[in-house]
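# Architecture and fold: a report
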Amino acid sequence: MVEKIQRKVRISTRQTVLENEEKIDGIFPMREWRISIHLVGQDGQLYPATVFDRVTYQLHETFANPKRVLTEPPFELVEKGWGEFEMRLTFRIAHGGGDQSVNYELHFRSPTSFQDVNIQFPTNKKELVTKLAESGPVPQPAAAPQPEKRAGDSLEAKPKPKKPKVAIKGSVLSLIHI
């Protein structure tokens, strides 16, 4: 089984009311909202999410083209709308690390909001582990096991024993040591 590294991924939303747009049903203001993706380091610092090849946003079915695929960090989706809803995000892990999905609630209770989710990354992809090291510790490859030393073992090279050569003369077989 492949060992995994866990990283915290931050899904952030910023939203603003579009004052010049007419309210929906005279009640709901139209908003512009932006969702972006970052890794969160152990120190709480945000790092570019270069460990993903792409992020797929599955929006509410009332959107034209509700499936949005973004391929460049910070995988920022910019959209307009008036309603809150739950969406599905699928993270494609770089270097063939597979897909992981999470649900995310888009809400307008404050101008900015975020949700941190834990994502598991395989450690058998060297390039991926190198990228993960930018945001926190990664396991070090195990050193090859060393053979046990026995009493009488020496660090000096021992001469190899000579193999006898076989020479056949006539019908007589003789062994010659060289």
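This text follows the structure it describes.
Residues numbered from 1 in each chain as written. Predicted model: local features only at pLDDT ≥ 70, side-chain atom pairs only at ≥ 80, totals over all residues. Heavy atoms only, no water.

## Remarks on the pairing of strand S4 (residues 52-58)
Threshold: Any two strands between which DSSP finds at least two bridges are classified as paired. Strands here are runs of E lasting at least two residues and helices are runs of H or I lasting at least four, both read from the DSSP assignment and numbered beginning at the N terminus.
In this sheet, strand S7 (residues 85-93) lies alongside S4 in antiparallel orientation, the contact comprising six bridges. Following the sheet pairing, Val-55 is matched in S7 by Phe-91. The sheet contact formed by S4 and strand S5 (residues 67-70) spans four bridges and is antiparallel. Its bridge partner lying in S5, Gln-58 is registered against Lys-67.

## Digging into the packing of aromatic side chains
Each aromatic ring pair is summarised here by two numbers: the centre-to-centre distance and the angle between the ring planes. Quick note on the threshold: Note on aromatic pairs: the rings of Phe, Tyr and Trp (six-membered ring only in Trp) are paired at centre separations within 6.5 Å, and the planes decide the class, stacked below 30 degrees, edge-to-face beyond 60, tilted for the rest. Note on classification: 1.4 Å probe, protein chains only; a residue is buried when its accessible area is under 20% of the maximum for its type, exposed when over 50%, partly exposed between these limits.
For the structure on display, the rule yields six aromatic pairs. Here the aromatic rings of Phe-63 and Phe-85 are separated by 5.6 Å at their centres, their planes lie at 50°, and the arrangement is tilted. With Phe-63 in the loop between S4 and S5 and Phe-85 in strand S7, the pair connects residues that are 22 residues apart, well separated along the chain. Per residue, the accessibility class of Phe-63 equals that of Phe-85, and both read buried. Pairwise contacts between aromatic rings join Trp-33, Phe-63 and Phe-85 into one cluster.

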